[in-house]
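Residues per chain, in single letters:
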Amino acid sequence: MKLIRFTMKNFRGYTNATIDFSNFTTFVGVNDVGKSTIFEALDIFFGNSKIDKDDRTVGHDDQDVQLIAEFNCLPNKIKLENVDTSLSREYLLNVRKNLEIRQTYSGSGLKLSESIVANFPNVPEVKGIHNLKISDLKQKFGEQISDIDKRVSSEIRSIVLENAFKKTGVLSEIDIPLNGTNSSIKDISKIIHSQLPVYQLFKSDRSNTDGDSEIQEPIKAIVKSTIAGNGEIKDKLDKVSKDVEIAVSQTTDRTLEMLQEMNPNLANQMKADFQTPKWDSLFKFSLDTDSDIPLNKRGSGVRRLILLSFFRAEAKKRIEQAKKDNQNEVNVIYSFEEPETAQHPRYQKMLIDSFKTMSESKDVQVMITTHSPAIAKIVPQSGVRLIKKEDLGGAYVESGDQAIQEVVDQLGIIQDIKLYPDQIKKAVVVEGPDDVMFFENIYHQISEEKDSDSTIFISGGGATIVDVLNQSFIQKLNVKKMGIVDGDPAGETDISRLVDTKTNIIKLEKATLEFYLPYECVKKCLSDSAQIKLTQTKEDWLKGENDCKLGKQQKRVLKSKRVYANISFKDITPDRLLELKKIVAKIDE
């Protein structure tokens, strides 16, 4: 499951705010506007922390707090009573065919009730069907279920709900409580919660000594998983625990004997109330780094990087365990508050590149907050969200082009083109940042033009804010523009809006840019990784067709090793080089 939408009602500064999430979502806003509130509300929703009485919006004491999350990428089937069914067959999806869960916190004690917001058959007799015992289902709907297995409640519900929908053809939104007492709704609730993403929050205001919780908690998790995963160690610890329990019991028995000798009326029974030790709390560690330097003596930036790595390792452990327990894919959501804190700009970029890589995985979502222009300009622009305050003080979330423009203005972000406008003579728009690196490199090697630096290459995909700024900047210049697109079907649409005419768009003969890299070079780079090998043959490479393209992980390896930026034109095959020389000549014209 993936989180696509989250609504907060009467939670702190948000009276009613809905946020759309992408694979990589970035929250920007001034201090104390409500960025951290979103992450902490999610932490409560996913059960990692508890709501506090002060979390209700000030002045809304008589109103419920609601946290509502919507998920897509749902499992195709779920198993109830050892029989396959689905959320769709149970009519547990909302009008958008997504799973929507509403948590409501009521009264002065903020008591939790949880429900599914479902698009449900509008027939009175099926209302509350998920809370009926199987005996009640058979009694109430016996006429409809003569031809099915009457021992399975999900089979009965499926037939009855389908008949109800056929009867009117109308579905209406209702809340189906998840905290009922019936075994069926308990099973449904358990399955749904086991499928929810694993949510991990890394806060910005963490302390940094070896004894502090943000270091000790990951160590405890490591100790806990080590003990649980190592049968020999667990058996030894269990034996120690049992031996101590027996020894203590013997001592208390002897103590009771001595007490009764003095006065039989004082006590007739004395029993040790033995509790199994929490081994992860008993083992204490400090962390030494290079040259045995304690972690708390390292710089604050290094401490945060190490802690962040601990954090990611723990999240990875949790998701692997969840997959093992459920035998299903389980998503993880990483939330990072201000990852730029105490980091050198180079490390900031490395962090964002790492987050981008994580978010490209099918089972990972990343969300961050930031004040940094350097970070805001390179994150995926489709996930940028601006947090603002209303005139009356409430917070709300803005997205889309308007949000991007306000983020640009608020943080003072500018394009990263390194030339002044009067130095630019030609602009070449390519599909993405990898293409920029490749064509800049090849062009400067092959071009015979003396002033080749006056030709710039920009990404036309618009994936980041800086791409949008670069495109806007170039559009305003009175310079000749041309575009280069891959030979596959994608890309031409984006670039055609940035160049003067379609006649100025060159389409590569091969499906993607990677086929212009030397095969042996690509093979060597990928051979260093046991997981990411080059599966394409040299024959595939020479054909360069769409079904032989490299995957995202393979491209990331090439980018990390700067293959696009450093390849020599002398290593490119003659036919590919001839095509590239023609492209360079057309640019020079």
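These numbers were taken from a predicted model, which means no experiment stands behind them.

Reading the values: the criteria
Residues numbered from 1 in each chain as written. Predicted model: local features only at pLDDT ≥ 70, side-chain atom pairs only at ≥ 80, totals over all residues. Heavy atoms only, no water. Helix = DSSP H or I, 4+ residues; strand = E, 2+ residues; numbered from the N terminus. Buried < 20%, exposed > 50% of the residue type's maximum accessible area, 1.4 Å probe, protein only. Contact = heavy atoms within 4.5 Å. Areas by Shrake-Rupley, 256 points an atom, 1.4 Å probe, with all protein chains shown as cover. Phe/Tyr/Trp six-rings, centres within 6.5 Å; stacked < 30°, edge-to-face > 60°. Axes fitted to C-alpha atoms, helices over the stretch in contact; angles between N-to-C directions. Left-handed = near helix turned anticlockwise from the far one by under 90°. Nonpolar A, V, L, I, M, F, W, Y, C, P; charged D, E, K, R; others polar. Salt bridge = Lys/Arg side-chain N within 4 Å of Asp/Glu carboxyl O. Patch = residues over 30% accessible without salt bridge, like charges linked within 9 Å, V, L, I, M, F, W, Y side chains within 5 Å. Parallel < 35°, antiparallel > 145°, perpendicular 65-115°, else oblique. Pairing = 2+ DSSP bridges.

Overview of the overall build of the chain
The helix and strand inventory of the chain stands at 19 helices and 18 strands. By residue count, 47% of the 589 residues in the chain fall in the buried class. Long-range contacts, defined here as pairs at least 24 residues apart, represent 69% of the contacts in the chain between residues at least 6 apart. When the accessible area of the chain is evaluated, it comes to approximately 30900 Å², of which 49% is carbon and sulfur surface.

Side note on the packing of aromatic side chains
Taken as a whole and judged by the stated rule, the model has 15 aromatic pairs. Note on F27 and F39: the rings are 5.8 Å apart at their centroids and 80° apart in plane angle, and the pair reads as edge-to-face. You can see F27 sitting in strand β3 (residues 24–28) and its partner F39 sitting in helix α1 (residues 35–45), a full 12 residues away along the chain. Overall, the relative accessible area of 0% leaves F39 in the buried class.

Regarding helix α13 (residues 465–475)
The element α13 is largely enclosed, with a buried count of eight among its 11 residues. Buried residues of α13: I465, V466, D467, L469, N470, Q471, F473 and I474, and no others. The inward-facing, buried residues of α13 contact α10 (373–376), β13 (384–389), α11 (400–411), β15 (426–430), β16 (455–459) and β17 (480–485).

Examining the packing of helix α2 (residues 134–141) against helix α3 (residues 153–168)
Between two packed helices, the angle of one axis relative to the other and the distance separating the axes together describe the packing. For the pair α2 and α3, interaxial distance at closest approach is 10 Å and the crossing angle is 35°. Of the two possible hands of crossing, α2 and α3 adopt the one that is left-handed. Contact with α2, carried on its side by I134, L137, K138 and F141, involves S153, I156, R157 and V160 of α3 and no other residues of that element. A per-class count over the contact of α2 with α3 returns five nonpolar, one polar and two charged.

Quick notes on the pattern of salt bridges
The tally for this structure, following the rule as stated, stands at 22 salt bridges. Between E125 and K167 there is a salt bridge, and its shortest N-O distance comes to 3.1 Å. Here E125, found in the loop between β8 (111–121) and α2, pairs with K167, found in helix α3; they are 42 residues apart in sequence, far enough to count as distant. Exposure remark for E125: the relative accessible area of 34% places this residue in the partly exposed category. Looking at K167, the relative accessible area reads 59%, which means it is exposed. Within this structure, R5, D20, E70, R96 and E100 form a network of salt bridges that share partners.

Some words on a nonpolar patch on the surface
On the surface, a cluster of nonpolar side chains totalling about 200 Å² of accessible area is made up of V240, V244 and V248. Along the chain, V240 falls in helix α6 (residues 231–262). Residue classification places V240 among the partly exposed positions, given a relative accessible area of 44%.

Some words on unusual backbone geometry
A positive phi angle, close to 55°, is found at C73, a residue other than glycine. Even without a glycine there, the phi angle at K97 is positive, about 65°. Along the chain, K97 falls in the loop between β6 (83–85) and β7 (99–106).

With respect to the packing of helix α12 (residues 433–446) against helix α19 (residues 574–588)
As a packed pair, α12 and α19 sit with axes 10 Å apart at the nearest point and diverge in direction by 80°. Comparing the axis directions of α12 and α19 gives the class roughly perpendicular. Every residue of α19 that contacts α12 at F438, F439, I442, Y443 and I446 is listed here: L577, L580, K581, V584, I587 and D588. Residues that form the contact of α12 with α19 fall into these classes: nine nonpolar, no polar and two charged.

Considerations on the pairing of β7
Among the eight residues that make up β7, seven are buried, leaving the element largely enclosed by the rest of the structure. One ladder, built from seven bridges, connects strand β4 (residues 65–72) with β7; its direction is antiparallel. Bridge pairing in β7 links E70 to E100. Pairing between β7 and β8: six bridges, direction antiparallel. When the sheet's bridge partners are listed, Y105 is paired in β8 with L112. Between β7 and β8, which pair antiparallel one after the other, the connecting turn spans four residues, and G107 there sits at a positive phi close to 70°.

Some points on the environment of I413
Of note, I413 is situated in the loop between α11 and β15. When sequence neighbours within four positions are dropped, the list of residues in contact with I413 reads P373, A376, K377, V407, V408, I465 and L469.

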